[in-house]
Amino acid sequence: MKTWRDKVRKVVPYVPGEQPKRKVIKLNTNENPYPPSPKVKEAIMEFDTECLRRYPDPECMSLRSVLANYYGFEPENVFVGVGSDDVISMAFMTFFNSDRPILFPDITYSFYSVWADLHKVKYETVAVDDNFRIKKEDFYKENGGIIFPNPNAPTAIYEPLEFVRDLLDHNRDVVVIVDEAYIDFGGQSALELTREYDNLLVVQTFSKSRSMAGMRIGYAIGNQELIKAMNDVKFSFNSYTMNQSALLMGCEAVKDDEYFKKTIKEIVATREKTKERLTALGFECTNSKANFLFATHQTRKAKDIFELLKSKDIFVRYFNLPRIDNYLRITIGTEEEMDALIKALLQIL
Ligand code: PMP
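Residues numbered from 1 in each chain as written. Predicted model: local features only at pLDDT ≥ 70, side-chain atom pairs only at ≥ 80, totals over all residues. Heavy atoms only, no water.

A. Region of interest: the site of the ligand. Inspection of the region around the ligand gives Gly83, Ser84, Asp85, Tyr109, Pro149, Asp179, Ala181, Tyr182, Thr205, Ser207, Lys208 and Arg216 as its neighbouring residues. The contact in question runs from a nitrogen atom of the ligand to an N or O atom on the side chain of Asp179, over 2.6 Å. For the ligand, an oxygen atom lies 2.6 Å from a polar atom in the side chain of Tyr182. Protein chains shield 91% of the accessible area of the ligand, which is 400 Å² for the free molecule. (Near = heavy atom within 4 Å. Polar contact = N/O pair within 3.5 Å; in protein donor to acceptor, adjacent residues only side chain to side chain. Areas by Shrake-Rupley, 256 points an atom, 1.4 Å probe, with all protein chains shown as cover.)

B. Region of the structure containing the pairing of strand S5 (residues 146-149). Neither face of S5 is exposed, since Ile146 and Phe148 on one face and Ile147 and Pro149 on the opposite face are all buried. Direction of pairing for S5 relative to strand S6 (residues 176-179): parallel, over a ladder of 4 bridges. Note that in S6 the partner of Phe148 across the bridge is Val178. Between S5 and its parallel partner S6, the chain crosses via helix H6 (residues 161-169), and the hand of that crossover is right-handed. (Buried < 20%, exposed > 50% of the residue type's maximum accessible area, 1.4 Å probe, protein only. Helix = DSSP H or I, 4+ residues; strand = E, 2+ residues; numbered from the N terminus. Pairing = 2+ DSSP bridges. Right-handed = clockwise from strand over helix to strand, strands pointing away.)

C. Spotlight on the pattern of salt bridges. One pass over the structure, following the stated rule, counts 21 salt bridges. For the salt bridge of Asp232 with Lys228, the shortest nitrogen-to-oxygen distance reads 2.8 Å. Taken as a pair, Asp232 and Lys228 lie in helix H7 (residues 224-237) at a separation of 4 residues, close to a single helical turn. Its relative accessible area of 42% is what places Asp232 among the partly exposed residues. Across the salt bridge formed by Glu272 and Arg271, the nearest N and O atoms sit 2.9 Å from each other. (Salt bridge = Lys/Arg side-chain N within 4 Å of Asp/Glu carboxyl O.)

D. Representation of the domain arrangement of the protein chain. Here the protein chain is described as being made up of domain 1 (22-36 + 258-348) and domain 2 (38-255). Here the C-alpha centre of domain 2 lies 25 Å away from the C-alpha centre of domain 1. In this assembly, 28 residues from domain 1 lie in contact with 30 residues from domain 2. Buried surface at the junction of domain 1 and domain 2, both sides included, amounts to about 2200 Å², of which 63% is carbon and sulfur. Three residues stand out in domain 1 for area buried against domain 2, namely Phe260, Lys289 and Arg323, and they jointly supply 31% of the buried area on that side. Taken together, the connections running from domain 1 to domain 2 amount to 2 salt bridges. Among the ionic pairs, Asp130 bridges to Arg323, the shortest N-O distance being 3.9 Å. Counting every contact that joins domain 1 to domain 2 gives 10 residue pairs in polar contact (both at pLDDT 80 or more). Secondary structure elements with two or more residues in the side of domain 1 that touches domain 2: helix H9 (257-280) and strand S10 (292-297). The element contributing the most residues to the side of domain 1 that touches domain 2 is H9, with 8 residues. (Domains from an automatic or database assignment. Contact = heavy atoms within 4.5 Å. Buried area = accessible area lost by both parts, 1.4 Å probe.)

E. Broad picture of the side chain of Asn143. Within the secondary structure, Asn143 sits in the loop between strand S4 (123-126) and S5. By relative accessible area, Asn143 is classed as buried at 4%. From its side chain, Asn143 meets the backbone oxygen of Lys141 in a polar contact 3.0 Å long. At a separation of 2.9 Å, a polar atom in the side chain of Asn143 contacts the main-chain amide nitrogen of Gly145. Sequence-distant contacts of Asn143, defined by excluding residues within four places in its chain, comprise Arg100, Pro101, Leu103, Asn171 and Val174.

F. Here's a closer look at the packing of aromatic side chains. All told, the structure shown has 21 aromatic pairs when counted by the stated rule. Their ring planes at 20° and their centres at 5.1 Å tell us that Phe104 and Tyr123 sit as a pair that is stacked. With a gap of 19 residues between them, Phe104 in strand S3 (residues 102-105) and Tyr123 in strand S4 connect regions that are remote in the sequence. On the basis of relative accessible area, Tyr123 is assigned to the partly exposed category, the value being 31%. With a centroid separation of 5.8 Å and an interplanar angle of 70°, the aromatic rings of Tyr109 and Phe111 are classed as edge-to-face. An aromatic cluster is defined as three or more aromatic residues linked by ring pairs; in this entry it consists of Tyr14, Phe92, Phe96, Phe104, Tyr109, Phe111, Tyr112, Trp115 and Tyr123. When the ring centre of Phe206 is taken as origin, the NZ or CZ atom of Arg210, which lies over that ring, is 5.7 Å away. The ring centre of Phe260 lies 3.8 Å from the NZ or CZ of Arg210, which sits over that ring. (Phe/Tyr/Trp six-rings, centres within 6.5 Å; stacked < 30°, edge-to-face > 60°. Lys NZ or Arg CZ within 6 Å of the ring centre and 35° of its normal.)

If you want it as structure tokens, here you go:
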């Protein structure tokens, strides 16, 4: 009977944080609380829809050039895609084709296992220690590639560049992907190491520090051979990944460095202040270098706090997963949003 059903590709999809329709205090998907650069708004107002008749540049040269110029590389070192999710998916397809399993931490961005399953890539997870630190020695064993976020998500913990260098020194024959979605909030990027290590791919996004999650722009920087290989894969099934408006708005956002730095500074200041206030309320937070805090309460269960906050229209993220099921991931919002969070927590606790 119904034979086509037996042939349907079965995957366990990634479950993103809730996007409620009504207005709530939304601290559950690590979006930026501030709008994108005013330059982006100006560009949207002046956007000439006439250009939409044409296909966009499949090479995405405008945005690649602006990013290359900003970070001191050549456009040939830059790959752009529809959010870093798309970029990482493309990297999985391009680089993870070994019989050996790829490695990533057991507590990390939960999309990695989804992509591995989707692209039929074998993987093994490597346990982080009791303080959620990634143990570099566990990545010395033979593998088909490595990926980890730095800072890690949802733990928010950053590993210094010596750590990345050590992983690279022990893994010269496979591609190592460092997912730097949150790097602008306090860590030092591994971008410079791409000049030394031809097997390092650094992935970043416009979704967090550049306030453009809705525009869907991500990019990877690495050795030109790596980038060409990714472009070859992309051109083999979908040449026009980036639309005209995304290319234009992306360029404008990168050019406004002053605004970028100003909003990051505000978010980092709010993060440190919120951490202090949470600690005073009996929470323990990891040393966050991201735009979110990873917090556990000394006496109250994370799940209960999550639900009580939700009933007050404050959304944070709770993961019902082994080892982290007593933690909350709280995105840093505006000062006012964090005031509302603390007020609600005072009532709940
Ligand atoms: N990597 C990590 C670690 C993330 O947390 C996210 C955001 N969910 C992404 C990548 C993807 O971000 P985007 O596709 O919006 O660039």
